[in-house]
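Single-letter residue listing:
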Amino acid sequence: MSLQTENTDSLENSSMVTKLAGIDHDKDDDALNSISRRSFMASGVAVGAAASVAGLGLASQPASAQTSGPVRAGASGFEPLEVDSPMARWKTSQSLEFVEKATRNYSFPNWQSGSEDSIYYNLNIPEFFKCSYIAPPKEFSKLERAIDSSILDLTYTSVDGTPTPPLKEYLVGKRQVQAMMMAHKGKVVFEVYPGMNPTDIHIWMSASKPTVGLLVAMLADEGKIDLDAPVPTYVPEVRGSAWEQATVRNVMNMSSGLDIEETIENLLNPDSWIAKWFTAGFELNKGDFREMSKNAQPLPDEPAGSHFRYSGANTQTLVLLTQFVTGERWQTTWNERVWSKIGAKNAFITALAPDGTPLCAGMHNTTPEDLLRYTMIYTPSWNVVSEEQIISDRLLKSIQTMGNPEAYKGSTEEQYGTDWFGEVPDYNSAQWDHVFNDGAMFKHGNMGQGIYVDPSRDFCGMYFGLAPNPDEISGVDHSPGFLRNAARMLAGG
């Protein structure tokens, strides 16, 4: 590993709007439901427009594009590729008037809307949430650049058989991509920042979830937990409840068999368990989300492990499990086992629930380059960022194969993956949304974040974006497919 030293009045809305709090993922796995979680997030846009009409000042039209080129404050000394994006305005400071107005207009639906206010919030999460801060180490790992500009011309075949636009056009389009980086054989081969600076922090959204899965997989690999034990064995908060039916493996794979799924009906129903749980986890004095977990009910005629039903409650339960087994705060364990070992150049920041529990289901924040460092530990080039192999070959195999293809089959999640990649993923596993039979894994996040690791091709990639979720507004999120096809191109197939 090469090391280098560096000195280093929310709005009051209806009860429906309140229950939007904390939704950080954009998928609904109920194949019978024609309205996805991504469509549900569009209600944030609608709320923003309605508030504007009501005189609350939420922007309904984007400001004029500013495409003056990249700002290179504090970058690594290597020039990234440049694209002329309307998102370039976010590389410069916003006016005091804009910041004060956006702050006054903060609400959960506006945060999730993809509006200009939303972009500001997601580049500045510590201004709006209590956060835990992990300082970077004194020395950081140096990532060599071997930028391949031909990747800008990459296209691939969409699920409907038509070619995508080239990546260079996609990057400046309606998906509002903020940053994208790729590494092959330990070197950065693609680096572009259409809408942020290299040293800006950005929210990961649900791309955060595999960090939780990784720590649980580590504990299982060390014999400190049994993946096939009931999850309450390690989570006292839910002992004696319906969680007794679900094993740790079930919860890792989002197949608990409980009525905690993030469906459109549940999220819009203020009396549903998941709506109340989100509100308690993200809003002060709105209940105890840990205590509430005891009240989750089983789904009739659905054994745990039989069907993939997405819920951040699964992820947060695994956070509690990790804290119980280690006797430490989750972020302490994360830093000790992972973050402190990869030569991160900047801070790791995660938002906290009112009771101080880290919201690891979607609230991590880092620079793009540090997120790429994390993804690199899943590849054979792990030694570029770490002096030790954090993820052993055995541990990686466990993470890649923990999922159940039968539980994944026919889900809306499967359809999303097909739309994004132009091919059908094979299953989900250990908090990753999509796994392919060649071992590649992908995790998506609300509004267009993602991480992709392809160990067999020694490739990894990340992207940040801040677009409204519905395809009819922003188009299909093709970033996952670009990452997968770039890996193929660079590896020769």
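Each value, and the rule that gives it
Residues numbered from 1 in each chain as written. Predicted model: local features only at pLDDT ≥ 70, side-chain atom pairs only at ≥ 80, totals over all residues. Heavy atoms only, no water. Helix = DSSP H or I, 4+ residues; strand = E, 2+ residues; numbered from the N terminus. Areas by Shrake-Rupley, 256 points an atom, 1.4 Å probe, with all protein chains shown as cover. Axes fitted to C-alpha atoms, helices over the stretch in contact; angles between N-to-C directions. Parallel < 35°, antiparallel > 145°, perpendicular 65-115°, else oblique. Contact = heavy atoms within 4.5 Å. Nonpolar A, V, L, I, M, F, W, Y, C, P; charged D, E, K, R; others polar. Buried < 20%, exposed > 50% of the residue type's maximum accessible area, 1.4 Å probe, protein only. Pairing = 2+ DSSP bridges. pLDDT = per-residue confidence, 0-100. Polar contact = N/O pair within 3.5 Å; in protein donor to acceptor, adjacent residues only side chain to side chain. Phe/Tyr/Trp six-rings, centres within 6.5 Å; stacked < 30°, edge-to-face > 60°. Lys NZ or Arg CZ within 6 Å of the ring centre and 35° of its normal.

## Regarding the overall build of the protein chain
- For the protein chain, the count of helices and strands is 19 helices and 13 strands.
- About 17400 Å² of surface is accessible on the protein chain, with carbon and sulfur atoms providing 49% of the total.

## Points about the packing of helix α3 (residues 96–104) against helix α5 (residues 116–123)
- Direction vectors running N to C along α3 and α5 enclose 90°, while the axes themselves pass 10 Å from each other. Between α3 and α5, the angle falls in the class roughly perpendicular. Taken together, the residues of α5 that come into contact with α3 (itself represented by Phe98, Val99 and Ala102) are Glu116, Asp117, Tyr120 and Tyr121.
- Residue composition of the contact of α3 with α5, grouped by class: 5 nonpolar, no polar and 2 charged.

## Let's talk about the environment of glycine 417
- Within the element layout of this structure, glycine 417 appears in helix α17 (residues 412–421).
- On a C-alpha basis, the gap between glycine 417 and valine 159 in space is 10.0 Å, while along the polypeptide they are 258 residues apart.
- With residues up to four places along the chain from it excluded, the contact list for glycine 417 reads Gly422, Glu423, Pro425 and His434.

## With respect to the pairing of strand β5 (residues 187–192)
- Counted residue by residue, β5 has 5 buried out of 6 residues, so it is predominantly covered.
- As judged from the 5 bridges shared by strand β4 (residues 177–184) and β5, these two strands associate in the antiparallel manner. Counted as the bridge partner of methionine 180 is valine 192 from β5.
- Hairpin connection of β4 to β5: 2 residues between the antiparallel strands, including lysine 185 at a positive phi of 50°.

## Quick look at the sheet that holds strand β7 (residues 348–351)
- Taken together, the 4 strands give an open sheet; going across it, the order is β2-β7-β8-β6, and neighbouring strands pair in antiparallel fashion. In this open sheet, the two strands that pair with only one neighbour each are β2 (131–134) and β6 (202–203).
- Sheet topology places β7 next to strand β8 (residues 364–366); 2 bridges connect them, and they run antiparallel. If you follow isoleucine 349 over to β8, its bridge partner there is asparagine 365.
- Lying on the sheet, helix α13 (residues 330–337) is in contact with β2, β7 and β8; it crosses β2 at an angle near 20°.

## Considerations on the sheet that holds β4
- Taken in spatial order, the 7 strands line up as β5-β4-β13-β12-β11-β10-β9 in an open sheet, and their pairing is antiparallel. Each edge of the open sheet carries a strand with a single partner, namely β5 and β9 (427–429). Neighbour-to-neighbour, the strand axes of this sheet turn through a mean angle of 20°, independent of strand direction.
- Running over the sheet, helix α14 (residues 368–376) touches β4, β5, β12 (449–454) and β13 (459–465) and is turned about 145° from β13.

## What about the confidence of the model for the protein chain?
- Chain-level pLDDT for the protein chain is 85 on average; 84% of the residues reach the 70-or-more range.
- pLDDT under 50 marks residues 2–35. Its contacts with residues more than four places away, or in other chains, come to 123 contacts.
- Between residues 38–75, whose pLDDT stays under 50, and residues either more than four places distant or in other chains, the model counts 75 contacts.

## What to know about the environment of tyrosine 156
- Along the chain, tyrosine 156 turns up in the loop between β3 (139–141) and α6 (167–170).
- Taking the C-alpha atoms as reference points, tyrosine 156 and proline 166, 10 residues apart in sequence, are found 8.3 Å from one another.
- Separated by 2.9 Å, the side chains of tyrosine 156 and histidine 478 make a polar contact.

## Considering the packing of aromatic side chains
- Scanning the model with the defined rule gives 28 aromatic pairs in all.
- One aromatic cluster in this structure is built from Trp204, Trp330, Trp334, Trp339, Phe348, Tyr374, Tyr378 and Trp432.
- For arginine 89, the ring lying beneath its charged end belongs to phenylalanine 98, and the centroid distance is 5.9 Å.
- The residue whose ring lies beneath arginine 484 is phenylalanine 436, and the NZ or CZ to ring-centre distance is 3.8 Å.

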